[in-house]
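# Survey of secondary and tertiary structure
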Amino acid sequence: MIAGFNVARLGILSYGVIKIFWYNIILSVVVFLLFGTMFYKMTRKHINRIRSYEEDFRPFWNFFDLKAYIIMTIMMGGGIGLRASGVFPDLFIAFFYTGLGCALFIAGVLFVAEFIRYKN
């Protein structure tokens with residue numbers, strides 16, 4: 001959830017240094033919908049897998065499977081590397097990171113909501 005907030009924050013900060021046109025906002029929404037759909041499916045898959053554990057307690061690193069950790073590593077490393085290299089202009093960072101970050105944030109909220117529902 002915090003990672004999603006930080007990614008969205010980077011996108012919003014980039015919006016502060018570009019001239020904003022209506023299509024920038026539309027692109028952010030499109031990126032949010034694409035990644036939001038993917039993250040929602042992944043979140044449901046991981047929640048169902050976690051529920052299937054027979055033990056009452058599992059370490060936090062069991063929240064995701066190996067494939068998910070590999071995907072996260074590639075996405076985070078690639079995102080940090082590309083942003084730091086300056087390959088993409090602020091315009092791209094603005095709409096892409098805002099949409100992606102909001103989708104990540106919502107996925108985190110779903111995990112937290114499921115945890116609260118489970119505890120109650």
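Refer to the structure presented above.
Quick summary incoming for the structure in this document. (Residues numbered from 1 in each chain as written. Predicted model: local features only at pLDDT ≥ 70, side-chain atom pairs only at ≥ 80, totals over all residues. Heavy atoms only, no water.)

## A closer look at the overall build of the protein
- When helices and strands are counted, the protein shows four helices and zero strands.
- Secondary structure elements of the protein occur, N-terminal to C-terminal, as α-α-α-α.
- Over its C-alpha atoms, taken along the principal directions, the protein stretches across nearly 55 × 25 × 20 Å.
- Per-residue burial over the protein gives 24% buried out of 120 residues.
- Across the protein, contacts joining residues at least 24 apart in sequence account for 75% of those joining residues at least 6 apart.
- Surface accessibility of the protein: about 8,400 Å² in total, with carbon and sulfur atoms responsible for 74%.
- Counting 12 positive and 6 negative side-chain charges, the protein places the centres of these two groups 10 Å from one another. (Helix = DSSP H or I, 4+ residues; strand = E, 2+ residues; numbered from the N terminus. Buried < 20%, exposed > 50% of the residue type's maximum accessible area, 1.4 Å probe, protein only. Contact = heavy atoms within 4.5 Å. Areas by Shrake-Rupley, 256 points an atom, 1.4 Å probe, with all protein chains shown as cover. Lys, Arg positive; Asp, Glu negative; His and termini not counted. Charge placed at Lys NZ, Arg CZ, Asp CG, Glu CD.)

## Points about the side chain of T43
- Along the chain, T43 turns up in helix α2 (residues 22-51).
- Residue contacts for T43: discarding those within four places in its chain leaves A107, L110 and F111.

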